[in-house]
Amino acid sequence: MKILGICGSLRKESWNLKLLKNMLAQTAEKGGETNLFDLTSVPMFHPDVEAQGIPHEAEALRDAVREADAIIIACPEYNGSMTATLKNAIEWLSRRGNLLTNQIFFIIGTGPGRSGCPRMHMHASYSLESEGAYVLHQPRVLLPNVANFMDNNGNITDPEVTDLLSQAAETLIDYTKRLTAPD
Ligand SMILES: Cc1cc2nc3c(=O)[nH]c(=O)nc-3n(C[C@H](O)[C@H](O)[C@H](O)COP(=O)(O)O)c2cc1C
């Protein structure tokens, strides 16, 4: 089973990227074949550009999603929503043969503040589900106060968070198996 990770933050030292890598590692331990796609080079969606043909970097994102059985998104909350980076990726994925329909997503988020990205989760889920995607809503991996459970190197320091990520990875794998099983 192929599990793709996408991070909605472009920051090199992104907490969300570090959290994503931890969840991908848990998924790999449970037998998932994991891959990470970096959104840095994906251009801003532009209908006039699209009309000339999908740019190579956006097509690379579409290929990665096409090949995946399920996708884990990690994203910070920006201005009470998802980042423009993530929304832009969703726009490219929704076009020319919508790749979001029937695709399985697990959305996680963290940050240094007291809020665990609930509005990012709500808005990203809404956008994906509007396009026919399946978003798993449990267990919630929306974690405030990142410094309380992860060090600067991305090591999880709280065993309860390790357990949560393990549970989340297991749920994603089970759900994906059931949804993609032949009749
Ligand atoms: C433009 C901008 C808007 C932000 N808005 C929010 C917000 O609405 N809620 C919140 O909890 N944090 C907000 N933050 C703080 C981010 O959660 C914090 O910078 C976080 O570390 C970014 O995630 P990253 O470490 O994965 O890059 C915002 C940060 C930026 C740069």
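None of the values given here were measured: they were computed from a predicted structure.

About the thresholds
- Sequence order as written defines the numbering, with residues in each chain counted from 1.
- The predicted nature of this model means local features are confined to residues of pLDDT at least 70 and side-chain atom pairs, given and counted, to a pLDDT of 80 or more, with totals for whole chains, interfaces and linings taken over all residues.
- Excluded from the side-chain calculation are hydrogens and water; included are all heavy atoms of the structure.
- For two strands to be treated as a pair, DSSP must find no fewer than two bridges joining them.
- Runs of E in the DSSP output that reach at least two residues are strands. Runs of H or I that reach at least four are helices, and both are numbered from the N terminus.
- To obtain each axis, a line is fitted to C-alpha atoms, and for helices this fit is confined to the stretch in contact; angles are then taken between N-to-C directions over 0 to 180 degrees.
- Should an angle lie under 35 degrees it is considered roughly parallel, over 145 roughly antiparallel, and from 65 to 115 roughly perpendicular; all remaining angles are considered oblique.
- Crossing handedness is read from the near helix: turned anticlockwise from the far helix by less than a right angle, it gives a left-handed crossing, and turned clockwise, a right-handed one.
- In what follows, residue pairs with any heavy atoms lying within 4.5 Å of each other are defined as contacts.
- Any residue with a heavy atom lying within 4 Å of a molecule or strand is counted as near it.
- A 3.5 Å cut-off defines polar contacts: any pair of N or O atoms within that distance qualifies, except that in protein one atom must be a possible hydrogen donor and the other a possible acceptor, and neighbouring residues in sequence count only when both atoms are side-chain atoms.
- To be clear on the numbers: accessible area is Shrake-Rupley with a 1.4 Å probe, and residue cover counts the displayed protein chains and nothing else.
- All amino acids are sorted into three groups, where Ala, Val, Leu, Ile, Met, Phe, Trp, Tyr, Cys and Pro are nonpolar, Asp, Glu, Lys and Arg are charged, and the leftover types, Gly among them, are polar.

*Asks:* Lay out the pairing of strand 2 (residues 33–37) in plain terms, naming residues and giving numbers.
*Replies:* In terms of strand pairing, strand 1 (residues 2–7) meets strand 2 through 5 bridges, oriented parallel. Paired with G5 across the strands is L36, a residue of strand 2.

*Asks:* Got a sec to walk through the packing of helix 1 (residues 15–29) against helix 6 (residues 159–180)? Specific residues and values, please.
*Replies:* Packing of helix 1 against helix 6 leaves a shortest axis separation of 8 Å and a crossing angle of 60°. Here helix 1 is positioned oblique relative to helix 6, judged by the angle of their axes. Helix-helix and strand crossings are classified by hand; for helix 1 and helix 6 the assignment is right-handed. Of the residues in helix 6, those in contact with L19, N22, M23, Q26 and T27 of helix 1 are T162, L165, S166, A168, A169, L172 and I173.

*Asks:* Residues and numbers for the site of the ligand, please.
*Replies:* In the neighbourhood of the ligand, the contacting residues comprise S9, R11, S14, W15, N16, P76, E77, Y78, N79, G80, P112 and R119. One nitrogen or oxygen atom from the side chain of S9 is found 2.6 Å from an oxygen atom belonging to the ligand. Within the contact set of the ligand, an oxygen atom lies 2.6 Å away from a side-chain nitrogen or oxygen of S14. When the ligand sits alone it has 620 Å² of accessible area, and the protein chains cover 68% of it. Looking at the shell around the ligand residue by residue, the classes come out as 4 nonpolar, 5 polar and 3 charged.

*Asks:* Describe in detail unusual backbone geometry, supporting the description with residues and values.
*Replies:* Omega for the peptide link from Q138 to P139 comes to -10°, which places this bond in the cis form. Note on placement: P139 falls in the loop between strand 5 (134–136) and strand 6 (142–143). Although it is not a glycine, N102 adopts a positive phi angle of roughly 65°. Inspection of the secondary structure assignment puts N102 in the loop between helix 4 (84–93) and strand 4 (104–110).

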